[in-house]
Amino acid sequence: MIKAPQNVAFFVWTVAWDRILTGDNLQGRGFYFVDWCVMCRRGKIVDHLLLHCRKTYRLCSFVFNTFGVSWVLSRSFTDFLF
């Protein structure tokens, strides 16, 4: 079992169960606004924001390379966790 701060564990749980408050989830709850990635102005779903955004990918690659970790881009964030 990996120990993580409670707020990190909660964030990962909300992402894994697709409960994170992204634009598409908020629109499903009745909120309407422009819902694109604020970093690249393209995608809008959780997997894009956390994995497939070019800027996110560069940041993850930098962090993993710094620690000497090799990684492959996953299709979804849930796949990434497993």
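So, how was this worked out
- Positions within a chain are numbered from 1, following the residues in the order the chain's sequence is written.
- With the structure being a predicted model, the display of local features is reserved for residues of pLDDT at least 70 and the display and counting of side-chain atom pairs for 80 or more, all residues being used for whole-chain, interface and lining totals.
- To get the side-chain values, take all heavy atoms of the structure and skip hydrogens and water.
- Here a helix means four or more residues in a row that DSSP labels H or I, a strand means two or more in a row labelled E, and each is numbered from the N terminus.
- Using a 1.4 Å probe on the protein chains alone, a residue whose accessible area is under 20% of its type maximum counts as buried, one over 50% counts as exposed, and one in between counts as partly exposed.
- Residue contacts are defined here by distance: any two heavy atoms, one from each residue, within 4.5 Å place the two residues in contact.
- Each accessible area is a Shrake-Rupley result for a 1.4 Å probe, and residues are judged covered by the shown protein chains and nothing else.
- Neither His nor the chain ends contribute to the count of charged residues, in which Lys and Arg are positive and Asp and Glu negative.
- Just so you know, the charge point we use is NZ for Lys, CZ for Arg, CG for Asp and CD for Glu.
- Between the rings of Phe, Tyr and Trp (Trp by its six-membered ring), a pair exists once the centres lie within 6.5 Å; its type follows the angle of the planes, with under 30 degrees stacked, over 60 edge-to-face, and the other angles tilted.
- Take the buried Ala, Val, Leu, Ile, Met, Phe, Trp, Tyr and Cys residues and link them wherever side-chain atoms come within 4.5 Å; each set so joined is a nonpolar core.
- For a helix, the expected span equals 1.5 Å multiplied by the residue count minus one.
- The arc in question is the one spanned by the directions pointing from the helix axis to the C-beta atoms.

(A) Representation of the overall build of the protein in the model. In terms of helices and strands, the protein carries 5 helices and 0 strands. The dimensions of the protein, computed from C-alpha atoms along their principal axes, are 45 × 30 × 20 Å. Counting over 82 residues, the protein shows a buried share of 24%. Considering only residue pairs separated by 6 or more positions, the protein has 28% of its internal contacts joining residues 24 or more positions apart. With an accessible surface of roughly 6700 Å², the protein has 62% of that area assigned to carbon and sulfur atoms. For the protein, the distance from the average position of its 10 positive side-chain charges to the average position of its 5 negative side-chain charges is 8 Å.

(B) Here's a closer look at the packing of aromatic side chains. As enumerated under the stated definition, the model contains 1 aromatic pair in all. Ring centres 6.1 Å apart and planes at 25 degrees place the aromatic pair phenylalanine 10 and tryptophan 13 in the stacked group. Of this pair, phenylalanine 10 and tryptophan 13 both sit in helix α1 (residues 6–16), 3 residues apart, which is roughly one turn of the helix. Given a relative accessible area of 54%, phenylalanine 10 falls into the exposed group.

(C) Highlighting the nonpolar core. Core analysis: the largest hydrophobic core is formed by 5 residues, namely Val15, Ile20, Val46, Leu51 and Phe77. Contact partners of leucine 51, with chain neighbours within four places excluded, come to Thr56, Tyr57, Leu73, Ser74, Ser76, Phe77 and Phe80.

(D) Layout of helix α4 (residues 54–66). With 13 residues, α4 ought to run about 18 Å at 1.5 Å a step, and its terminal C-alpha atoms sit 18 Å apart, in line with that. Residues of α4 that are buried: Thr56, Cys60 and Ser61. Along the long axis of α4, the arc covered by the buried residues comes to 130 degrees, so they all point the same way. For α4, exposure combined with an orientation more than 90 degrees from the buried face picks out Arg54, Arg58, Leu59, Phe62, Asn65 and Thr66. Looking at the buried positions of α4, the neighbouring elements they touch are α3 (46–52). Of the residues one or two after α4, glycine 68 is the one with positive phi, at around 70 degrees.

(E) Focus on the environment of arginine 29. Mapping arginine 29 onto the fold places it in the loop between α2 (23–28) and α3. Counting along the chain gives 26 residues from arginine 29 to lysine 55, while the straight-line C-alpha distance between them is 28 Å.

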